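Examining the three-dimensional arrangement
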4 protein chains.
Amino acid sequence: MRASAHSNVNFNDVIKKQKSFVLKKTKAKVKAKAVKGNPEFVVKNKQIGELTKQLYTVGFTATDLAKAYNVIAEMRKANASIWLGFSSSIGSSGLRDYITYLVKHKKIDCIITTASCIEEDIAKCLHDFFIADWFMDDVKLRQKALNRIGNIIVPSTAYVKLERFFVGFLDSLMKSSNVWSASELIKQLGKFMSKLKNHEQSFVYWAYKNNVPVFCPSLTDGSLGDMIYFYKMSKAARKKLHIDIANDIVKLNELAFATKKLGVIAIGGGIAKHHLINAALFRGGADYAVYITTGSMFDGSVSGALPTEAISWGKIKAKAKQRTAFVCADATIALPLLMPAFFE
Amino acid sequence: MRASAHSNVNFNDVIKKQKSFVLKKTKAKVKAKAVKGNPEFVVKNKQIGELTKQLYTVGFTATDLAKAYNVIAEMRKANASIWLGFSSSIGSSGLRDYITYLVKHKKIDCIITTASCIEEDIAKCLHDFFIADWFMDDVKLRQKALNRIGNIIVPSTAYVKLERFFVGFLDSLMKSSNVWSASELIKQLGKFMSKLKNHEQSFVYWAYKNNVPVFCPSLTDGSLGDMIYFYKMSKAARKKLHIDIANDIVKLNELAFATKKLGVIAIGGGIAKHHLINAALFRGGADYAVYITTGSMFDGSVSGALPTEAISWGKIKAKAKQRTAFVCADATIALPLLMPAFFE
Amino acid sequence: MRASAHSNVNFNDVIKKQKSFVLKKTKAKVKAKAVKGNPEFVVKNKQIGELTKQLYTVGFTATDLAKAYNVIAEMRKANASIWLGFSSSIGSSGLRDYITYLVKHKKIDCIITTASCIEEDIAKCLHDFFIADWFMDDVKLRQKALNRIGNIIVPSTAYVKLERFFVGFLDSLMKSSNVWSASELIKQLGKFMSKLKNHEQSFVYWAYKNNVPVFCPSLTDGSLGDMIYFYKMSKAARKKLHIDIANDIVKLNELAFATKKLGVIAIGGGIAKHHLINAALFRGGADYAVYITTGSMFDGSVSGALPTEAISWGKIKAKAKQRTAFVCADATIALPLLMPAFFE
Amino acid sequence: MRASAHSNVNFNDVIKKQKSFVLKKTKAKVKAKAVKGNPEFVVKNKQIGELTKQLYTVGFTATDLAKAYNVIAEMRKANASIWLGFSSSIGSSGLRDYITYLVKHKKIDCIITTASCIEEDIAKCLHDFFIADWFMDDVKLRQKALNRIGNIIVPSTAYVKLERFFVGFLDSLMKSSNVWSASELIKQLGKFMSKLKNHEQSFVYWAYKNNVPVFCPSLTDGSLGDMIYFYKMSKAARKKLHIDIANDIVKLNELAFATKKLGVIAIGGGIAKHHLINAALFRGGADYAVYITTGSMFDGSVSGALPTEAISWGKIKAKAKQRTAFVCADATIALPLLMPAFFE
């Protein structure tokens, strides 16, 4: 490392300074609609599922979407375990409410996601996120402590509240053990969230309630990591907190092996998609697969990779080829249209 | 979970079966060129850096690439710490040799990457990867135990060799401790790799050698996770291996705070990009930033997000706005053209 | 030009050979669903329009889609002229039936499109197109005389029928004049199509019927061009056929100037989008604009350009900024969801 | 059409008003680098071609780029006719200078392009274009009469000068005939441009000089169309100008048939790409094909279509499959790296 900028800085001052960066209170009141989804609407109104099925004959991505619908319906019909992987932006958007709805109604058997999705699930119980614009003055937003995710605004105050909540949670955790696997921690978190007023909006809560394991192989990547950092730095006893990811890979691969039939649904790319299909390898590949992504295949990323690539790895079964679908679309449009397939 | 498929299966049979899925020996000889990069060439031939700078006046992405070149050159001139985040496909491609070259020549001060990049860095010391096609018969590839990553083929035998190597490594690790943070594990791995014939091709080795920390917040996501799983399942004593990610977030944020000036370079999206810029938040934002990605901004993903979005979060400094560059391109073309900027 | 391959070839043989390339009879019977759209369904079932409006709060592209819905509804409410530009693949897909529905119900006041959309509108009256796959053996498809457009198959026989029809049409045209502007030709074509059994499926027919001008500044680019070529080559008298595009630019700019309020909707990119917004410049810019595209902005193409770029040119009014929407999505999903906005 | 906004407007006032929209004088002086390319540099420095060839082993898009290099080199070696199609943004960027260089050095045998590329080729002889930013205040740009194309700025004054030049040109044309095919008009334009000071920078000039036909099936789509409109509206005699596209399709298909071997290179998508490969159909398909595009295949557009799709149509020969390359990249980076292949 090159020379330090802060060689004489007092330790407490460091944390204070860092908290001033990370945990800013929002100075502005946002006048905009809150981010939310209405899954009930798409499930209750049969015409929406009907539309998606009809899109089969329109061609191009519409056909792919209808295929995805059919593959999900087949998963359900075959009573397959349905494993869902989703990336961070899904949790930031109103799709979080769709995920909650699926988990609440026991349509999902296992979740693999990112730290951001966990943390924003809590944060949304504490504070609204808002619909805004893609192109804003980000310098001004920073001054007001408004964080932008695409065309969504998260007031930084949400994270201030999150930290308060999360310290209490970690304290409760450490009463029983210093070492936690990510999935066990998330399960306890779901339980702990019961005390939150809006906990029924949370997929983490419902996953706990309905005994759906939630895996997150990178729990420290995001605000949860920030909170764990501040927590560990605050008292000597808290330093002992460890988050183990080795036990989770055992648990995940065993769960995958135990599935009788397995359908995987990857919404977005990155680690959630990869971790999901990698687990499927441990039972000889998934029987059904749906990918929803905006990723390009031509950079070699797993994000843009088609289901056939996973066949070469044994992550999807060779004979499942006709039971896969690839939808090149933003999930905020695709998932609502696919939702009714889970309730056929 | 829905009913188990394997309720009466003997435990050893499970592992045996799983190894048959994961650790297949390749049956075919691949006749194709091996994946590799030639960073020396682009650095030694000054015309290539000259070309990139000239592209400034061509417009569109060429201009962005030239801007990225200038931002990197500025980082160097200001003697800033340069932190590099890169996603899985970078490691799969010949860009791995570029990363190695940068680390060997002490141009990078900190690395954040994915499990795949670590594992493929080892695997490439043990076996060639090959250039192939985007569209192949993936069912046949599976039969031959050839794994496809875009237009690159990884013979599965590479992973068989990798497992043998990695078991030895984990055994050596557990002699001193059962609990390892990911970054400490990777450092020890770099040291252990010295015994490999081709270790000088490895960026993990050079990172160890040159004392460059390598962070990987999701070390179990990928083949390394597979190996850790098999390792833990093989003997009772090995079950005690734990990989802690909580200490790494402490180490990372402290390192970030200690930087006098910080330049971040994100190649690809996903967790590596997010973890990189999130660390920068803990010192009040990066002073310089270069993003190279094929991601679309319109799905709200961090992968496609522009540097300005990070300004709203305080992850890039507001006043650094003119010292950022966004290159919408596949890194396999962009990085070779940017390489000389590190050696200006 | 480099040396000719056919220096001694007889003229008639040339045409015969070329017809063997262009007008192959399909040897295979395609067993697949025909391409079609069901616009009636989305218009009659109010829940679909309701869904699109609700997507506003979901974030990312869903929000953009809802904004587009609102902008179209505003156009309607303000009684603005609505001009629609759409690129070739729209006509190939089942969206052609949506376009027809809009024109039939007098929701569109002017159309700008490509030659392919015109020709496939006729072709679909003569022969089915079929839903297939993205990845097929294209060499085998050629042997069978099946042409692929993405995941849609057009049996080459459709073009054989098209040619027969089009020769008759051109003969009828040349009875009154040798020189035709593209828009006049298309108008006559709509009239001539009345004799086709399925003419009510055609947007060209309904445009004629409802007096909606259809502009196509590149009428010879595509199968229509092929047919015009064969026509001109067949008899000396037919050589005199000329298609003038200069008069159309006069007509188009005059029409644009005459609009009281103008809303432009560009589906897809390329020439249709550009010609549409360029016309708007001649009345000082559009008052409303909706773009639906998968194009990337970072190659500087008009296809991926945002509405704000058009403001710099005066093609969209500066004060219309809040009455524009940009939807980064495949139109085969987006247009069905937007359709009800035309009928609010 | 809905009611006219201008029913009582005097005809001359209409044109005056329209000219105030279209032909604004730029009020600001732009302080930025002029758009330009330096093809000489990449051709003279052998290391750049060497780099591109070496990229073959890097994987992903780098491999595709090297394949494209090889295919172009093969075209040259086989003495094939090389036909180049390129879309509007290519002409706006500094790649225009690369095109000029290729035409000047007789490396291209036929060009298919858009109206914008023709008009900007003239405009650049009259006025500089400038490098700017992707995200600017487009309302302010309009006030200053600066037109934005991605991150390039075209001062509107360029078009004022263009109009003056073009009126003179059209007058000269009409001395010999009232009806011109697009390709004949462009040829005369190249000749007429000789009088411009900077004419040696123009590909239209060099195409005339070296007898390379330039086809543009949509000559009125863009500023040339604007100029033709104003021209026709200015005097009764000028109304007689007609631009015929029917003769050009005859000429184009005949030229295609006459090629002994044909290599097609499509830079960008849209009409230029389609018209290029459609012509190849008339000689039984191209023998070599290189596509450079950022388009996505999943919207069914020709812009994003792979070469294999063209095989199904007979536009590329079945046996040419291994002599095709698809490069998913912005041409502003790709073309400079491919340039040396033309001079091998």
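Anything mentioned here points back to the structure above.
A quick note: this is a predicted structure, and the numbers were derived from the prediction, not measured.

Another aspect to go through is the packing of helix α9 (residues 157-174) of chain C against helix α10 (residues 182-192) of chain C. Axes are the key here: two packed helices are described by the angle between their axes and the distance separating the axes. Residues and elements named next belong to chain C. Following both chains from N to C, one finds α9 and α10 inclined at 115°, their axes separated by 11 Å at the closest point. Crossing geometry of α9 relative to α10 is assigned as right-handed. Two secondary-structure elements touch here, α9 through Phe 165, Phe 166, Gly 168, Phe 169, Ser 172 and Leu 173 and α10 through Leu 185, Gln 188, Leu 189 and Phe 192. A class-by-class count of the residues in the contact of α9 with α10 yields seven nonpolar, three polar and no charged.

Many analyses report the size of an interface as the accessible area lost when the parts associate. Contact residues are listed per partner, giving 12 residues for chain C and 12 residues for chain B. Between chain C and chain B the total buried area reaches about 840 Å² when both faces are included, carbon and sulfur atoms providing 74% of it. Between chain C and chain B we count zero salt bridges in total. Counting across the interface, chain C meets chain B through two residue pairs in polar contact (both at pLDDT 80 or more). Only α4 (60-77) and β11 (324-328) of chain C provide two or more residues apiece to the side of chain C that touches chain B. Element by element, the count of residues in the side of chain C that touches chain B is highest for α4(C), at three residues. Taken together, the residues of the side of chain C that touches chain B sort by class into seven nonpolar, three polar and two charged.

We now examine the interface of chain B and chain A. The interface is formed by 86 residues belonging to chain B together with 86 residues belonging to chain A. Around 7,900 Å² of area is buried between chain B and chain A when both sides are counted, 61% of it from carbon and sulfur atoms. There are two salt bridges connecting chain B and chain A. Residue A:Glu309 is joined to B:Arg148 by a salt bridge in which the shortest nitrogen-to-oxygen separation is 3.7 Å. Taken together, the links from chain B to chain A amount to 28 residue pairs in polar contact (both at pLDDT 80 or more). With nine residues, helix α13 (residues 246-258) of chain B is the single largest residue contributor to the side of chain B that touches chain A. The class makeup of the residues in the side of chain B that touches chain A is 39 nonpolar, 27 polar and 20 charged.

Residues and elements named next belong to chain D. Take Phe 86: it is sitting in strand β1 (residues 81-86). Considering only alpha carbons, one finds Phe 86 and Ile 243, 157 residues apart in sequence, at a separation of 21 Å. In contact with Phe 86, other than residues within four places in its own chain, are Ile 99, Ile 111, Ile 112, Thr 113, Thr 114, Cys 117, Phe 203, Ile 267 and Ala 272.

Within helix α16 (residues 331-338) of chain B, eight of the eight residues are buried, which leaves it mostly tucked inside the rest of the structure. By the burial criterion, the buried members of α16(B) are B:Ala331, B:Thr332, B:Ile333, B:Ala334, B:Leu335, B:Pro336, B:Leu337 and B:Leu338.

Below, the discussion takes up the sheet that holds β1(D). Residues and elements named next belong to chain D. Pairing is parallel in the open sheet, where six strands are placed in the order β7-β2-β1-β9-β10-β11. Looking at strand neighbours, the two that pair on one side only are β7 (214-215) and β11 (324-328), the edges of this open sheet. Strand direction decides the pairing type here: strand β2 (residues 110-113) and β7, joined by two bridges, are parallel. Paired with Ile 111 across the two strands is Val 214, which belongs to β7. Against the sheet, helix α4 (residues 60-77) engages β1, β9 (262-267), β10 (288-293) and β11, with an angle of about 140° to β11.

Now for the relation of the copies chain B and chain A. Between the two chain copies there is a screw-like relation: a rotation about an axis and a shift along it. Aligned on chain A, chain B shows an RMSD of 0.0 Å; the corresponding rotation is 180° and the shift along the axis is 0.0 Å. What the superposition gives is, in effect, a two-fold axis relating one chain to the other. Looking at chain B, 99% of its interface residues are interface residues in chain A too, so the copies touch through the same face.

Attention now moves to unusual backbone geometry. Look at B:Ala145: it is not a glycine, yet its phi comes out positive at around 60°. One non-glycine residue, D:Phe60, adopts positive backbone phi at about 50°. Relative to the assigned elements, D:Phe60 resides in helix α4.

Reading the values: the criteria
Residues numbered from 1 in each chain as written. Chains lettered and ligands numbered in written order. Predicted model: local features only at pLDDT ≥ 70, side-chain atom pairs only at ≥ 80, totals over all residues. Heavy atoms only, no water. Axes fitted to C-alpha atoms, helices over the stretch in contact; angles between N-to-C directions. Helix = DSSP H or I, 4+ residues; strand = E, 2+ residues; numbered from the N terminus. Left-handed = near helix turned anticlockwise from the far one by under 90°. Contact = heavy atoms within 4.5 Å. Nonpolar A, V, L, I, M, F, W, Y, C, P; charged D, E, K, R; others polar. Buried area = accessible area lost by both parts, 1.4 Å probe. Salt bridge = Lys/Arg side-chain N within 4 Å of Asp/Glu carboxyl O. Polar contact = N/O pair within 3.5 Å; in protein donor to acceptor, adjacent residues only side chain to side chain. Buried < 20%, exposed > 50% of the residue type's maximum accessible area, 1.4 Å probe, protein only. Pairing = 2+ DSSP bridges. Least-squares fit on C-alpha atoms with pLDDT ≥ 70 in both.

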